[in-house]
Amino acid sequence: MTPSAVSTLTRRTSLTAMAAALAAPALAQAADTAGLAWNSPEAQTTVHETPDFHIELQETSQTLVSLAPKGVGGGFDFAPRHRFTQRLGDGCYRLGDIDLRVRAEGDKTWSDHSTAYRRVKVKALPKPKGALASADITPSLGADMPLKVVRTWSVSEGKLVLSFTLTNPTQKTIEVGGLGMAMVFDNIISGRHLDEAHDVASFYDPYVGLNAGYLQVNRLNGQGPSLLVLPASDTAKFELYKPILNTRDADKKPAIYSDIEPRNMTFEGFYSWMTHAKGFADSEWKGVEQWNTPTSLILKPGQSTSVALKFVLSPSIREIEPTLIKQGRPVAVGIPGYVVPTDLPADLFVHAPKAVKAFAVHPQGALEVTPAGSVKGGWLKYSVAGKTLGRARLILTYADGTQQTVHYKVTKPQAEAVADMGHFLTTKQWYETPDDPFKRSPSIMIYDREKNALVLQDNRVWVSGLSDEGGAGAWLAAIMKQLDNPKAEEVQKFEHFANTTLWGQIQTPDGPDKYGVRKSLMFYDPEGMPKGTYDASLNWKVWSAWDRKHAADLGRSYNYPHPAAAWWTLYRLGRYHTGMTAGETWQTYLTRAAETIKAMMSKAPYYTQFGQMEGDVFLYILLDLKREGWTELAAEVEALMKGRVEIWKTLKYPFGSEMPWDSTGQAEVYMWMRYFGHQDKADVTREVIMAYDPAIPHWGYNGSARRFWDFLYAGKLSRIERQLHHYGSSLNAVPLFDAYRETPDDLYMLRVAYGGLMGSLTNIDAEGFASAAFHSFPDAMKWDAINGDYGMSFFGHAVTSASYLVKHPVFGWTGFGGIVKTSDGVIRLSPKDSARRRVFIAPAGLWITLDAGKIAEVAYDSVSGKVHLTLAAADAQTPVAYVNFETTVKGARPYSLKADKALGAYAVPLKAEPVTIELIRA
């Protein structure tokens, strides 16, 4: 069954209704709080023009209402102008609002103040030269505010500038323990359909790099311009990024530092740019290691200080760093990134207007940083080696005293981290209890790292029910680990689970529902199950505690890629290795993989209108069906997928989700669009991914896909929160890597992709436990305590892990995933990526992949173009390496290899010692 165009249009309309329904509480709260008309005094604005923007300021508060870049049509606005009259009252943040936490010398307690908390008309002041507006905003900070605060909007050197001047008029020294400038941009997706959201809304991410910090605001569609918020004064260092929550007082009014807009699946929330945060770090966040050391500001009697930000447009996302350089900002570029395995040093290139006076590492000794001279264009080069596992930061101090922090994560070698994970999953997370009431034995269960115990019960029943993303995550990670790094005893255990519990319980093995996938093995049925079955400490009166009927439902398409990926991987293990599988034949596993796709289309058709997370596995299955000559089954699968693509190609933005918007299915949509020849829609998808995934000198944000609600469904600390390196990071890396191999001059895209790929390894701790994602809020700053949906992340890592050999006109020869050495025109790459089965040589446009075996080294002769490929020695299950290669760049010269072909690849017998083969350029 394939969805028709008419039914899909109806479904997309339903999605819009769903988004509106989810947004209704937010809209209602806004209306109840503000309830003001367009003709009220609070709704009056003053229009200004700068070289870059048309702006509007609210007359009563002088906060910013509109920030519309010139030359961009369609009513686009970086500010949430469309919600202005619904967001006029107390607890409605706008650009220009400020939060302060202060105390007088000798006081132990802080007092809290915010211009958004209780709106009071500000006192307009005479405008200084170059100013658009200026006001004494002290009255809006509360009667007990000891400081005088003046805010000014101005234009300096053609750029819009926002500044605050704080003056201490008292006779006491005042300590400012919190200074946060509200960053309010239009990331409100509530009430908007998918197309509208991508046309008019923006996402933004921070670089908490102190004086070199900035905020980047990207349009959802990936098109230019992008907005950069930059320090316009040395005092505006970007110390921390604080969420503006939506908590309420006892009287149900917004609490201080809170916004009326509820965080939900269509609204991530607003944030504050914190220049000082010690007052929070010593109280609400006590004991939590922040991105930077929190500081406070001391103002003596009569003393003043100013903090200022400026708003700059970058023509495109890829031009953000050149724009920063033009603005005289320090810029750091990590090659390959900011995740540093202990066996794979990284390079850091720094471009700054001032000389580097000193550098330091925190914690001391966590990184070994070595200056490596200068390169073209005024860049300084540093070698960065990881020494101590965990978070680390490099602090650069410039000649003018300003500082920049670059944030790193040190991990074990990739292969070692993955091996640890495989062992942890198949030992600590192995569950074998034959009398399990929900028939979940044997299996690989979700694990609670805080309790160091299996999660056998959760009122989100899928988490303990081995299906959905939150329950399938553990066993999916376990099998995807075997794709490139099979271990016989782990495969044996997985087959035991796969042929007993996956096939037979999670997936229907026979009858009319054969191949259908259940939503959960666990369910809530207190009447039908023995007394004492359910943990009485859990609240079972929630929608997520599905009854038998809902748990047994086969109609959620997103549950089907997980078993399809498992069967496909087992097929490959049985096909390309000797004695690796024993439970069933490779033919059976490939059949199950293909039939699972067909079952999704017939038993769960509704959400197949959207791309599925790890749905690109369907393409890999189709390609293997064709290679095996299974033409009839391949034709069935291809026709079903083409039916989906025929609808997607008619859509402006051909991706969505069961959620009102999502970053789930872009990889599958991109891959099918490419496969069926719709490159224009693949390009649209690629650029949206570039908008969702930033390139920032910070391991947590670099390549980290936008996701903020899945802690609700698959986390232990359950809340709306920007998730760092949730599964979207590695899944979105898949199409970016593919696109890069066609356009290898786009280093920016490679950096984003590699950041997402490596992000999935940061989730793995020193023993091998893999967390769903990192909690970015400053009260947590930790990995979530359960695996949740991590398996989807490792799927993305497994299918795309590779090493890339690149020659950059400024940075020179470099390796993404491997160590590079050059000698007499020959460049050698030793892969250190987790797979060591895939290498891309960018100057040759040559993509080399192995179906079995390992790559020990690639030697590329930059003059002749010859490639020598050294394969690692054989092992008991891998006597033959199966080598594939292709040139992916248009016009690149092809290569040939003198070797016999088998299974669609070149079959190279392996020996007890490494074997070197030569690829000759035509």
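Remember, it's a predicted structure, so these values are computed and weren't measured experimentally.

1. Focus: the sheet that holds strand 35 (residues 818-823)
Here six strands make up an open sheet; going across it, the order is 35-36-39-40-45-42 and the pairing antiparallel. Of all the strands in the sheet, the pair left with one neighbour each is strand 35 and strand 42 (895-896). Judged from the two bridges that link them, strand 42 and strand 45 (residues 915-921) form a sheet pairing that is antiparallel. Each bridged residue has a counterpart across the sheet, and for S896 the counterpart in strand 45 is I920.

2. Digging into the layout of surface pockets
Considering only enclosed or pocket space, the largest pocket measures out at about 1,100 Å³ in volume. In this structure, the largest pocket is lined by 35 residues; those nearest its centre are Y620, L623, W847, T849 and E886. Within this model, the second largest pocket holds a volume of roughly 440 Å³. As for the second largest pocket, its lining consists of 27 residues, and the residues nearest its centre are D468, R556, E658, M659 and Y713. When residues of the lining of the second largest pocket are traced back to their parent elements, those giving at least two are helix 6 (468-484) and helix 15 (710-714). For the lining of the second largest pocket, a count of residues per class yields 13 nonpolar, four polar and 10 charged.

3. As for empty space enclosed by the protein
Here the structure, examined in full by the defined rule, presents six cavities of 30 Å³ or more. By volume, the largest cavity is sized at about 70 Å³. Forming the boundary of the largest cavity are L64, V65, P80, R81, R83, F84, R87, Y93 and R94. Partitioned by chemical class, the residues of the lining of the largest cavity number five nonpolar, no polar and four charged.

4. A look at the sheet that holds strand 3 (residues 64-69)
One open sheet accounts for three strands, arranged 1-2-3; its pairing is antiparallel. Only two strands of the sheet have a single neighbouring strand rather than two, namely strand 1 (45-49) and strand 3. Adjacent strand axes in the sheet meet at a mean angle of 15°, parallel and antiparallel pairs treated alike. In this sheet, strand 2 (residues 53-58) lies alongside strand 1 in antiparallel orientation, the contact comprising five bridges. Bridged to H48 within strand 2 is I55.

5. Description of the nonpolar core
Among the nonpolar cores identified, the biggest contains 252 residues, and L67, F185, F311, W475 and M480 are the most heavily contacted of them. With 10 residues, helix 17 (residues 747-762) is the largest single contributor of residues to this core. Ignoring any residue separated from it by four or fewer positions in sequence, one finds M480 in contact with A565, W568, T569, F794, F795, A798 and V799.

6. Looking at the pairing of strand 33 (residues 803-808)
Of all six residues in strand 33, five are buried; the element is thus mostly enclosed. Relative to strand 37 (residues 838-841), strand 33 runs parallel, the two being bridged by three bridges. Each residue of the ladder has a partner; that of Y804, found in strand 37, is F840. Two successive antiparallel strands, strand 33 and strand 34 (residues 812-816), enclose a turn made up of three residues.

7. A short note on the pattern of salt bridges
Inspection of the entire model under this criterion finds 63 salt bridges. Each of R572, R575, D624, R627, E628 and D851 takes part in a single network of salt bridges with overlapping partners.

8. Some remarks on the packing of helix 14 (residues 679-692) against helix 16 (residues 728-742)
Between helix 14 and helix 16, the least distance of the axes is 10 Å, while the angle of their chain directions is 120°. Taken together, helix 14 and helix 16 sit at an angle that is classed as oblique. For the pair helix 14 and helix 16, the sense of crossing is left-handed. Counted together, R686, I689 and M690 of helix 14 and N732, P735, L736 and A739 of helix 16 form the full contact between these two elements. Within the contact of helix 14 with helix 16, the residues separate by chemical class into five nonpolar, one polar and one charged.

9. Notes on the packing of aromatic side chains
What the rule picks out here adds up to 59 aromatic pairs. For the pair F185 and Y204, a centre-to-centre distance of 5.1 Å together with 80° between the ring planes defines the contact as edge-to-face. Here F185, found in the loop between strand 10 (174-183) and helix 2 (194-200), pairs with Y204, found in strand 11 (residues 202-207); they are 19 residues apart in sequence, far enough to count as distant. For F185, a relative accessible area of 0% gives the class buried. Here Y204 falls in the buried class, since its relative accessible area comes to 3%. Considering the side-chain rings of W291 and W699, the 6.0 Å spacing of their centres and the 75° angle between planes classify their relative orientation as edge-to-face. Of this pair, W291 sits in the loop between helix 3 (278-281) and strand 16 (297-299) while W699 sits in the loop between helix 14 and helix 15, and the two are 408 residues apart along the sequence. Across the pair, W699 and W291 agree in class, each one buried. By the ring-pair criterion, three or more aromatic residues cluster together here, those being F185, Y204, F238, Y241, Y271 and W273. Across the ring face of W503, the terminal group of R592 is positioned such that the distance to the ring centre comes to 4.2 Å. Sitting over the face of the ring of W567, R592 holds its NZ or CZ atom 4.7 Å from the ring centroid.

10. So, unusual backbone geometry
Here the bond from I335 into P336 is cis, since omega is 5°, no more than 30 degrees from zero. Looking at the secondary structure, you find P336 in the loop between strand 18 (331-335) and strand 19 (339-341). Cis geometry marks the peptide bond from H362 to P363; its omega dihedral reads -10°.

11. Describing the confidence of the model for the protein chain
The pLDDT averaged across the protein chain works out to 94; a share of 96% of its residues lies at or above 70. Below a pLDDT of 50 lies the segment residues 1-35, which in the model reaches 65 contacts outside its immediate sequence neighbourhood of four places, other chains included.

12. Remarks on helix 11 (residues 617-627)
Where burial is concerned, most of helix 11 is hidden: eight out of the 11 residues are buried. By the burial criterion, the buried members of helix 11 are V617, F618, L619, Y620, I621, L622, D624 and L625. Structurally, helix 11 contributes buried residues whose contacts are with helix 9 (561-576), helix 10 (586-603), helix 12 (631-648), helix 13 (666-675), helix 16 and helix 18 (790-800). One or two steps after helix 11, the chain reaches G629, where phi turns positive at roughly 80°.

13. Structural notes on the side chain of T849
With respect to the secondary-structure elements, T849 resides in strand 38 (residues 846-852). Using a relative accessible area of 18% as the deciding quantity, one classes T849 as buried. Those residues in contact with T849, other than ones at most four positions away along the chain, are R837, R838, Y882, V883 and N884.

14. A closer look at the environment of S66
Relative to the helices and strands, S66 is located in strand 3. Distance from S66 to T650, taken between C-alpha atoms, is 33 Å for residues 584 residues apart in sequence. Not counting residues within four places of it along the chain, the set of residues in contact with S66 comprises H54, I55, E56, D77, A79 and R81. A polar atom in the side chain of S66 sits 2.5 Å from the side chain of D77.

Calculation rules
Residues numbered from 1 in each chain as written. Predicted model: local features only at pLDDT ≥ 70, side-chain atom pairs only at ≥ 80, totals over all residues. Heavy atoms only, no water. Pairing = 2+ DSSP bridges. Helix = DSSP H or I, 4+ residues; strand = E, 2+ residues; numbered from the N terminus. 1 Å grid on protein atoms, 1.4 Å probe; cavity = no way out; pocket = protein on both sides within 12 Å on 5 of 7 lines; lining within 4 Å. Points joined across faces, edges and corners; volume = space filled by probe spheres on them. Nonpolar A, V, L, I, M, F, W, Y, C, P; charged D, E, K, R; others polar. Axes fitted to C-alpha atoms, helices over the stretch in contact; angles between N-to-C directions. Core = buried A, V, L, I, M, F, W, Y, C linked by side-chain atoms within 4.5 Å. Buried < 20%, exposed > 50% of the residue type's maximum accessible area, 1.4 Å probe, protein only. Contact = heavy atoms within 4.5 Å. Salt bridge = Lys/Arg side-chain N within 4 Å of Asp/Glu carboxyl O. Parallel < 35°, antiparallel > 145°, perpendicular 65-115°, else oblique. Left-handed = near helix turned anticlockwise from the far one by under 90°. Phe/Tyr/Trp six-rings, centres within 6.5 Å; stacked < 30°, edge-to-face > 60°. Lys NZ or Arg CZ within 6 Å of the ring centre and 35° of its normal. pLDDT = per-residue confidence, 0-100. Polar contact = N/O pair within 3.5 Å; in protein donor to acceptor, adjacent residues only side chain to side chain.

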